[in-house]
Amino acid sequence: MRGAVIHAPGEIRLETLDDPKILHPTDAIIRTAVTCVCGSDLWPYRGAEPTDAPHPMGHEYVGLVEETGAEVTSVRPGQLVVGSFATSDNTCANCRNGFQSSCLNREFMSTCQADYVRIPNAQGTLVAVDAAPGEEYWPGLLAVSDVMGTGWWAADAAEVGPGSTAVVVGDGAVGLCAVIAAREMGAERIIAMSRHEPRQRLAREFGATDVVAERGEEGVARIREMTGGIGADSVLECVGTAQAMRQALRSARPGGNVGFVGVPHDVALDGQELFFSHVALRGGPAPVRRYLPDLIDRVLTGRIDPGRVFDLTLPLDQVAEGYRAMDERRAVKALLRP
């Protein structure tokens, strides 16, 4: 089969790889319907994470079940399925508490930009789409497998509620999906922090009521000005940089909440500042599996359309261009079709 492999910063190749096989009775093999490039894939692509040896890439997927292990009964060959970047048995104590991304048997997906993918813990990870939808729904379902689920977790962790004011830090695919989540959870005011006009426009179409272009302390000052000097009820940090985290924490009101879902890079918290802020902080890898049934239903009923974050569609053999386009901010998110 064909699969994307990173060799060094800026060097993505599509190579011929061994077809995946069932290794454990809890595995499934899927034929990829659609996959994509994630913003977090850009960390190694830009050299911010080391690439010590060539390895496959990709952790978002919608596919058709080809084969299942002996212990997999929740899905069957031929079904269209959606999963998460973090596999889970969905039965351990952490899973039962709703944190499937901390499953005791968790494995992180990392081979999904390919024709076929082995899914560990398939019984608990994969959710079948009952009536196979048309291909026009595939981008939305693909978004649910990570960026929409992660944006939803950001809003959930930040305790967005009816009538609240929410600030979204980050205008990538996760941040844009976080705007959708904040709207769905009933926020009355949604402030998207973005400096890029096409992304500002999409944020407004997704439900943002305001856009703030300033960053850093200027951005914080603007949020405080807009909230009577107090700060927002909920802040959704969707970037992962030190500046974004500082901006998020300082934009929340005393007693407010920050949900942080950007993978942290060089982020260090000031304990004194956090202590006296009275701001609650929660985040981590999104428990996407918790939300999958609900989000799939919202996509298929047309209530949400997160697939609009894909503004570039390429065949799999042009995966390197997908990385380049996102790295150069010519695209928000690149969808790949095998």
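Heads up: the structure comes first, above all this text.
Residues numbered from 1 in each chain as written. Predicted model: local features only at pLDDT ≥ 70, side-chain atom pairs only at ≥ 80, totals over all residues. Heavy atoms only, no water.

Asks: Would you mind showing me how to read the overall build of the protein chain here?
Replies: Each helix and strand counted, the protein chain has 12 helices and 18 strands in total. Over its C-alpha trace the protein chain gives a radius of gyration of 19 Å, about what one expects of a compact globule, namely 20 Å for 338 residues. Along the longest, intermediate and shortest principal axes, the C-alpha atoms of the protein chain span 60 × 40 × 40 Å. Of all 338 residues assigned to the protein chain, the portion counted as buried reaches 54%. (Helix = DSSP H or I, 4+ residues; strand = E, 2+ residues; numbered from the N terminus. Rg over C-alpha atoms; globule rule 2.2 N^0.38 Å. Buried < 20%, exposed > 50% of the residue type's maximum accessible area, 1.4 Å probe, protein only.)

Asks: Is there a simple way to explain the nonpolar core in this structure?
Replies: Across soluble globular proteins, nonpolar side chains have a tendency to be buried as a group. In this structure, Met-148, Val-160 and Leu-236 are the most contacted members of the largest nonpolar core, which totals 59 residues. Among the elements that take part in this core, helix H6 (residues 173-184) stands out by supplying 9 residues, more than any other. Contact partners of Val-160, with chain neighbours within four places excluded, come to Ala-155, Ala-166, Ala-182, Met-185, Ala-187, Ser-234 and Leu-236. Among the nonpolar cores identified, the runner-up in size contains 17 residues, and Val-169, Ala-244, Met-245 and Val-258 belong to it. (Core = buried A, V, L, I, M, F, W, Y, C linked by side-chain atoms within 4.5 Å. Contact = heavy atoms within 4.5 Å.)

Asks: What's the story with the environment of His-55 in this structure? I'm lost.
Replies: Structurally, His-55 is set in strand E4 (residues 55-56). Here the alpha-carbon distance between His-55 and His-7, two residues 48 residues apart in the chain, equals 7.0 Å. For His-55, the contacting residues outside a window of four places in its chain are Ala-4, Val-5 and Ile-6.

Asks: Honestly, the sheet that holds strand E1 (residues 2-8) in this entry has me stumped. Any pointers?
Replies: As summarised here, the arrangement of the 3 strands in space is E2-E1-E4, forming an open sheet in which the pairing is antiparallel. Here the strands that pair on one side only, and so sit at the sheet edges, are strand E2 (11-16) and E4. Two strands pair when backbone bridges link them, and E1 and E4 are joined in this way by 2 bridges, in the antiparallel orientation. In the strand pairing of E4, Ile-6 is matched with His-55. (Pairing = 2+ DSSP bridges.)

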